[in-house]
Each structure stands twice: as structure tokens, then as C-alpha cells.
Amino acid sequence: MKKSLTSVIIIIAVITLITSVSGCSKKENAQFDVFYGETEKWLVIGTNDNVFKFIYKGNTEDLRKNNNSGKINFQYGTSLGTTGSVQLLNDINYYQVKFEEDFITNLPSKAIFNENKYIYVIISYADITDSIDLSPYVEYKVN
């Protein structure tokens, strides 16, 4: 189940990437639609409607170890601010969060991601904290 869910999410990300890179190459028409980050333990996909998908690649029991609260904390931020959300642990390693504060739509439309870290997420549970920088996949709009 976990592998098939991860595969589906990766396929969606690849399809979005393929459709995002087609079009003209004018930076002033750039629109950031999908943000992606991955570590050894986590896969994170964020969209410009402020919804983030968090997929844990390990065993669900690893999330429960030394976690007396049974909760997992998600936080995302940009240079404009940060916001967070807490969810109960589940058995499928997949969490979807729509954050109340939306800092993505307020990013400058002409922002260029040249090694700059505009978006990051922090995931914490038990005594573990993972920080992941998200890279944008850019779609160019034709006038």
C-alpha cells in the first residue's frame, strides 16, 4: 500500500513537471505551481493553493517511537513568514495539510530561484526534526 501510494504521488509530480516545463521561457511570465523536496525519510509536494502532501518513506512504527503525544508537527515557511499544523499519526504514512496562512501566493511574481531557498518545511515528531528545502517547478504562461 505504502509503495503504491508513493508511486502514485511520484507519477503525479512527474506529470505536473512535464506539463510545467512546456511553454515559453520568459521569466516575467513565470508561475510557480509545484514545489518538491525529498530527503532519505520524506517526500514533500506543495502546490500554489497552499496544500502540502507529506509522504514518510519509512515504517509507521518509526514515527511512533518515543512519541508519547501520537502527533506530528508540520510547518512551512518562506521569507514572508511561517505557519504550522499538527496532525495525529496515521497508519498510511501520508499526510495532506492545507495551511491557514498562504505565503506562496504572495511570493514575488518575478522571483528567481537561483540557489535561493524561498520555501522550506519542517517536520517534527518525538525527538526528531527534519528540515526540507523545496525546489519549484515553474510553468510559463503564454500571453
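A brief look at the structure comes next. (Residues numbered from 1 in each chain as written. Predicted model: local features only at pLDDT ≥ 70, side-chain atom pairs only at ≥ 80, totals over all residues. Heavy atoms only, no water.)

## A few points about the overall build of the protein
Now for step 1: Helix and strand counts for the protein come out as two helices and eight strands.
Now for step 2: Written out in order from the N terminus, the α and β elements of the protein read α-β-β-β-α-β-β-β-β-β.
Now for step 3: A buried classification covers 39% of the 143 residues belonging to the protein.
Now for step 4: Restricting the contact set of the protein to residue pairs at least 6 apart, pairs at least 24 apart contribute 62%.
Now for step 5: Accessible area for the protein stands at about 8,200 Å²; split by element, carbon and sulfur atoms hold 51% of it. (Helix = DSSP H or I, 4+ residues; strand = E, 2+ residues; numbered from the N terminus. Buried < 20%, exposed > 50% of the residue type's maximum accessible area, 1.4 Å probe, protein only. Contact = heavy atoms within 4.5 Å. Areas by Shrake-Rupley, 256 points an atom, 1.4 Å probe, with all protein chains shown as cover.)

## Observations concerning the nonpolar core
Now for step 1: Counting 24 residues, the largest nonpolar core has Trp42, Phe52, Phe54, Ile72, Phe74 and Ile123 as the members making the most contacts within it.
Now for step 2: For this core, the secondary-structure elements that each account for two or more residues are β2 (42-47), β3 (51-56), β4 (71-78), β6 (94-98), β7 (119-125) and β8 (128-140).
Now for step 3: With four residues, the top contributor of residues to this core is β7. (Core = buried A, V, L, I, M, F, W, Y, C linked by side-chain atoms within 4.5 Å.)

## Examining the packing of aromatic side chains
Now for step 1: Applying the stated criterion to the full structure yields 11 aromatic pairs.
Now for step 2: The interplanar angle of 55° and the centroid separation of 5.9 Å between the aromatic rings of Tyr76 and Phe103 together place this pair among those described as tilted. Linking Tyr76 in strand β4 with Phe103 in the loop between β6 and β7, this pair joins segments that are 27 residues apart in sequence.
Now for step 3: By relative accessible area, Tyr76 is classed as buried at 0%.
Now for step 4: Among the residues examined, Phe103 registers a relative accessible area of 12% and is labelled buried.
Now for step 5: An aromatic cluster is built from Trp42, Phe52, Phe54, Tyr56, Phe74, Tyr76, Tyr95, Phe99, Phe103 and Tyr125, whose rings are joined through pairwise contacts. (Phe/Tyr/Trp six-rings, centres within 6.5 Å; stacked < 30°, edge-to-face > 60°.)

## Some points on the environment of Asn68
Now for step 1: The topology assignment puts Asn68 in the loop between α2 (60-64) and β4.
Now for step 2: Taking the C-alpha atoms as reference points, Asn68 and Ala126, 58 residues apart in sequence, are found 7.3 Å from one another.

## Some remarks on unusual backbone geometry
Now for step 1: Not every positive phi belongs to a glycine, and Asn50 is a case in point at roughly 70°.
Now for step 2: Mapped onto the fold, Asn50 is located in the loop between β2 and β3.
Now for step 3: For Asn50, a relative accessible area of 1% translates into the label buried.
Now for step 4: At Asn66, a position not held by glycine, the phi torsion is positive, near 55°.
Now for step 5: Tracing the backbone through its elements, the reader meets Asn66 in the loop between α2 and β4.
Now for step 6: Under the relative-accessibility criterion, Asn66 is labelled exposed at 64%.

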